[in-house]
Amino acid sequence: MRIENEMLSRFNDLETQSTNNFEMTLSQELDYFFDNVMDTVVDFFKEEVSV
């Protein structure tokens, strides 16, 4: 559940930015989203390994 919350909070940040910047394309939004997904997954596994 922690990983989902982290992903949602990062994606919500993207939505806030996209309302401010109407020039952002779908491709850019998807790139941003999947970059954040990968960062979140990596962070999650780093925490799991260190515990």
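Refer to the structure printed above.
Just so you know, these numbers come straight off a predicted model, no measurement behind them.

Caption draft 1: Quick look at the environment of phenylalanine 34. As for its placement among the helices and strands, phenylalanine 34 is situated in helix 2 (residues 26-50). Looking at phenylalanine 34, the relative accessible area reads 48%, which means it is partly exposed. Each C-alpha atom of the pair phenylalanine 34 and phenylalanine 11 lies 9.6 Å from the other, and the pair is 23 residues apart in sequence.

Caption draft 2: Quick look at the packing of aromatic side chains. Scanning the entire structure with this criterion turns up 2 aromatic pairs. Taken together, a centroid distance of 5.3 Å and an interplanar angle of 80° make the contact between phenylalanine 44 and phenylalanine 45 edge-to-face. Residue phenylalanine 45 is classed as partly exposed on the basis of its relative accessible area of 49%.

Caption draft 3: Molecular detail of the environment of phenylalanine 33. Here phenylalanine 33 lies in helix 2. Along the primary structure phenylalanine 33 and asparagine 12 are separated by 21 residues, whereas in three dimensions their C-alpha atoms are 9.9 Å apart.

Caption draft 4: Layout of a nonpolar patch on the surface. Among the surface-exposed residues, Leu26, Leu30 and Phe34 lie close enough to one another that they form a single nonpolar patch of about 310 Å² accessible area. Tracing the sequence through the fold places leucine 26 in helix 2.

Scoring rules and cut-offs
- Residues numbered from 1 in each chain as written.
- Predicted model: local features only at pLDDT ≥ 70, side-chain atom pairs only at ≥ 80, totals over all residues.
- Heavy atoms only, no water.
- Helix = DSSP H or I, 4+ residues; strand = E, 2+ residues; numbered from the N terminus.
- Buried < 20%, exposed > 50% of the residue type's maximum accessible area, 1.4 Å probe, protein only.
- Phe/Tyr/Trp six-rings, centres within 6.5 Å; stacked < 30°, edge-to-face > 60°.
- Patch = residues over 30% accessible without salt bridge, like charges linked within 9 Å, V, L, I, M, F, W, Y side chains within 5 Å.
- Areas by Shrake-Rupley, 256 points an atom, 1.4 Å probe, with all protein chains shown as cover.
- Salt bridge = Lys/Arg side-chain N within 4 Å of Asp/Glu carboxyl O.

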